[in-house]
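The primary structure of each chain is shown beneath.
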Amino acid sequence: MNNPYLPSPMRIEGIVTETEDRNIKTFSLSFLDRGNEAVFKYIPGQFAELSVLGKGEAPFGIASSPTQKGIIEFTVNKIGLLTTALHNMEPGETVGIRGPLGNGYPLTTLQDKNVVIIGGGFGFSTLRALTTFLLDKSNRNSFNNITVIYGARSPGLLLYKDELREWEKRADLQLYVTVDKGDKDWEGRVGFIPAITKEIAPRADNAYVLVCGPPAMIRFTLPVIEELGFPPERTLLSLEMRMKCGLGKCGRCNIGSKYVCRDGPVFTLAELNRLPREY
Ligand SMILES: Cc1cc2nc3c(=O)[nH]c(=O)nc-3n(C[C@H](O)[C@H](O)[C@H](O)COP(=O)(O)OP(=O)(O)OC[C@H]3O[C@@H](n4cnc5c(N)ncnc54)[C@H](O)[C@@H]3O)c2cc1C
Ligand code: FES
């Protein structure tokens with residue numbers, strides 16, 4: 001994996017169809033050359049370029065945590081050429097990977113802090129990676145209270161349902177799952193993420209808040225976070241710009257002087273406030 005433009009082959013070990021509309025699937029991948037696993041050192045919040053022969057490549061946030069050995073996971077929403085090709089693949093087939101890319105979440109900064117995680121849609125995938133990392137027994141004592149607020153449009157669109165059930169049982173995590181609209185079987189919370197965040201009102205002292213999700217969710221959640229007292233320096237967002245090289249070379253993803261692929265995709269709101277509103 002010395003040439004950053006050259007993809008390494010990975011085998012699809014498993015595929016989970018996450019949503020009832022079948023548009024979102026999670027792929028578990030392993031390196032064909034096991035030696036590449038040690039080279040692919042990543043942290044939650046980073047992404048990689050996945051490629052399918054003859055179809056091209058695209059960036060995807062890494063949905064697994066480095067504490068999960070042997071596999072790397074990606075949660076893929078089917079919207080176009082490459083994502084449809086991925087959705088049509090079966091376990092045993094091969095895809096290419098380039099990465100890890102981007103900065104990831106600032107794990108050292110989060111140590112000994114309260115961590116508030118707010119995610120919606122498939123934007124939750126890298127926050128799922130972060131939550132899994134923080135909850136791992138080798139890491140849990142390094143972080144204070146962990147609050148996760150996760151929402152989807154409907155119960156059938158919630159991702160990682162088995163994991164959510166496991167997290168719900170834990171005493172060292174406050175988990176709040178919400179849907180915009182319930183169905184006849186749904187007994188959980190109903191409400192939009194900004195309103196639920198306001199209701200739960202996580203405390204801002206000694207805390208960082210991390211937000212990832214659809215633009216509308218972010219737009220309406222940020223004022224609530226500000227109202228709760230989280231300063232822009234302790235508000236972290238992950239951006240999803242169009243990208244090509246992923247390496248800060250092609251100029252496809254810049255906002256002002258920053259390249260989202262190299263300087264991000266994770267930025268503090270304070271950093272974003274200093275940039276043009278091109279995201
Ligand atoms: C850092 C980063 C992390 C990402 N993580 C994930 C992830 O975890 N899971 C996931 O499913 N997707 C993720 N994406 C988005 C993903 O890269 C695109 O969905 C993918 O490139 C679409 O490829 P395609 O060939 O299937 O679609 P295309 O055939 O290229 O496009 C289909 C349609 O989608 C639009 N489109 C393509 N890319 C984007 C984009 N980045 N933003 C908005 N609209 C777009 C096109 O204009 C077109 O209308 C991420 C993007 C970035 C930059
Ligand atoms: S994608 Fe090429 S510079 Fe960011």
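The following paragraphs examine the structure supplied in this document. In this text, all values refer to a predicted model and were calculated from it rather than measured experimentally.

Section: the sheet that holds strand β12 (residues 235-238)
Here comes step 1: The sheet built from 7 strands is open, its strands ordered β10-β9-β8-β7-β11-β12-β15 with mixed pairing. Looking along the sheet, the strands with just one partner apiece sit at the ends: β10 (189-190) and β15 (266-268).
Here comes step 2: Bridge count between strand β11 (residues 207-212) and β12: 3 bridges; the pairing is parallel. Bridge pairing in β12 places leucine 210 opposite leucine 236.

Observations concerning the layout of surface pockets
Here comes step 1: Within this model, the second largest pocket holds a volume of roughly 220 Å³.
Here comes step 2: Around the second largest pocket, the lining is made up of 15 residues, and of these Glu37, Phe40, Tyr42, Pro66 and Lys69 lie nearest the centre.
Here comes step 3: Those elements that place two or more of their residues in the lining of the second largest pocket are β2 (24-31) and α1 (35-39).
Here comes step 4: In terms of residue count, β2 provides more of the lining of the second largest pocket than any other element does, 3 residues in total.
Here comes step 5: In terms of residue class, the lining of the second largest pocket is made up of 9 nonpolar, 3 polar and 3 charged.

Looking at the pattern of salt bridges
Here comes step 1: Per the stated rule, a full pass over the model turns up 13 salt bridges.
Here comes step 2: Measuring nitrogen to oxygen at the nearest pair gives 3.6 Å for the salt bridge that ties glutamate 37 to arginine 34.
Here comes step 3: One salt bridge in this structure joins glutamate 227 and lysine 198, with 3.6 Å as the shortest N-O distance. Separated by 29 residues along the polypeptide, glutamate 227 in helix α7 (residues 215-227) and lysine 198 in helix α6 (residues 193-200) bring together distant segments of the chain.
Here comes step 4: Salt bridges sharing common partners tie together Glu73, Arg128 and Glu163.

Here we look at the pairing of strand β7 (residues 114-120)
Here comes step 1: Among the 7 residues in β7, 7 count as buried, and that is most of the element.
Here comes step 2: The two faces of β7 match: Asn114, Val116, Ile118 and Gly120 on one face and Val115, Ile117 and Gly119 on the other face are all buried.
Here comes step 3: Pairing of β7 with β11 involves 6 bridges; the strand directions are parallel. If you follow isoleucine 118 over to β11, its bridge partner there is valine 211.
Here comes step 4: Relative to strand β8 (residues 146-152), β7 is paired through 6 bridges, and the arrangement is parallel. Bridge pairing in β8 links valine 116 to threonine 147.

Here is what the cut-offs are and how they apply
- Residues numbered from 1 in each chain as written.
- Chains lettered and ligands numbered in written order.
- Predicted model: local features only at pLDDT ≥ 70, side-chain atom pairs only at ≥ 80, totals over all residues.
- Heavy atoms only, no water.
- Pairing = 2+ DSSP bridges.
- Helix = DSSP H or I, 4+ residues; strand = E, 2+ residues; numbered from the N terminus.
- 1 Å grid on protein atoms, 1.4 Å probe; cavity = no way out; pocket = protein on both sides within 12 Å on 5 of 7 lines; lining within 4 Å.
- Points joined across faces, edges and corners; volume = space filled by probe spheres on them.
- Nonpolar A, V, L, I, M, F, W, Y, C, P; charged D, E, K, R; others polar.
- Salt bridge = Lys/Arg side-chain N within 4 Å of Asp/Glu carboxyl O.
- Buried < 20%, exposed > 50% of the residue type's maximum accessible area, 1.4 Å probe, protein only.

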